[in-house]
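# Coordinate analysis (summary)
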Amino acid sequence: MKFLFDIFPVILFFVTFKWGENHPTAAQAYVTEFLSGLVSGGGSTEEVAPILLATAVTLVASVCQIAYLLIRRKKVDAMLWISFIVIMVFGSATIYFHSEAFIKWKPTVLYWCYAVAFMLAQFGFKKNLIRTAMESQVKLPEQIWSRLSLAWICFFLVMGIANLLVAYNFTTSAWANFKLISMIGIMPAFVIIQSLFLTKYMEETES
């Protein structure tokens, strides 16, 4: 449930963009009606309207997501705060400059922020974020915790590069597909592979 909650804005972005892509005239009308005061020049073309509308929906969803947690007095994870700040900055720039370039850079910046956070924690503050998050449920040898942290750093760096390759070598529609697949397919697959790798060491620790 937490995973679905965290990726809820991404799902809304994808659904809204695909709707706008299939109904460009309607998407442009919505952008003109609701976002004209936020867009430089006051309007947008049918080509850009779907991405602007999807970005606006994502911004609203992200605000509601954070507000819900704060109202319920639940902890907002650091990763969620980072995601919120990045989407606010790049999403707002996308709408104001009516340019898809900013929102396409957003996943890469987010992935690389995560990578930098992991690197600073491990090499700067000698703190393993993976261990901090999982140690209460899993007991592993020290070197395995370090390998896990390095694996996530590499994963985030590679995903950031992959996002740019797709963004600048394929259509916006293909990029939107990749954005969703990376969240509901690639990342869960990475976690599953990681879990299979850890099984051996968990059994050794228990024995």
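Bear in mind the structure is a predicted one, so any value in this text is a computation, not a measurement. (Residues numbered from 1 in each chain as written. Predicted model: local features only at pLDDT ≥ 70, side-chain atom pairs only at ≥ 80, totals over all residues. Heavy atoms only, no water.)

## Let's talk about the side chain of Lys106
By the element assignment, Lys106 lies in helix α5 (residues 100-124). At 12 Å, Asp6 is the nearest oppositely charged side chain to Lys106, a buried residue that forms no salt bridge. Aside from chain neighbours lying at most four places away, what touches Lys106 is Val86, Ile87, Phe90 and Lys179. (Helix = DSSP H or I, 4+ residues; strand = E, 2+ residues; numbered from the N terminus. Buried < 20%, exposed > 50% of the residue type's maximum accessible area, 1.4 Å probe, protein only. Lys, Arg positive; Asp, Glu negative; His and termini not counted. Salt bridge = Lys/Arg side-chain N within 4 Å of Asp/Glu carboxyl O. Contact = heavy atoms within 4.5 Å.)

## Section: the packing of helix α4 (residues 78-96) against α5
Contact geometry for α4 and α5: axes closest at 9 Å, N-to-C directions at 155 degrees. One element, α4, and the other, α5, form an angle in the roughly antiparallel class. For the pair α4 and α5, the sense of crossing is right-handed. The segment α4 lies against α5, with Met79, Ile82, Ser83, Val86, Ile87, Phe90, Gly91, Ala93 and Thr94 engaging Glu100, Phe102, Ile103, Trp105, Lys106, Val109, Leu110, Cys113, Tyr114 and Phe118. (Axes fitted to C-alpha atoms, helices over the stretch in contact; angles between N-to-C directions. Parallel < 35°, antiparallel > 145°, perpendicular 65-115°, else oblique. Left-handed = near helix turned anticlockwise from the far one by under 90°.)

## Some thoughts on the packing of aromatic side chains
Under the criterion given, the structure shown has 17 aromatic pairs. Judged by centre distance (5.5 Å) and plane angle (25 degrees), the rings of Phe97 and Phe102 are stacked. By relative accessible area, which is 45% here, Phe97 ends up partly exposed. Among the residues examined, Phe102 registers a relative accessible area of 29% and is labelled partly exposed. Following the ring pairs from residue to residue traces out a cluster consisting of Tyr111, Tyr114, Phe118, Trp152, Phe155, Phe156 and Phe190. A cation over a ring is seen here: Lys179 above Phe13, with NZ or CZ 5.4 Å from the ring centre. (Phe/Tyr/Trp six-rings, centres within 6.5 Å; stacked < 30°, edge-to-face > 60°. Lys NZ or Arg CZ within 6 Å of the ring centre and 35° of its normal.)

## Remarks on α4
Taking 1.5 Å per residue as the helical rise, α4 with its 19 residues ought to reach 27 Å, and the 27 Å between its terminal C-alpha atoms agrees with that figure. Restricting attention to buried positions, one finds in α4 the residues Leu80, Ser83, Phe84, Val86, Ile87, Gly91, Ala93, Thr94 and Ile95. Against the buried residues of α4 lie α1 (2-22), α3 (49-71) and α5. Note on α4: the residue one or two positions beyond its end, His98, has a positive phi of about 35 degrees. (Expected span 1.5 Å × (residues − 1).)

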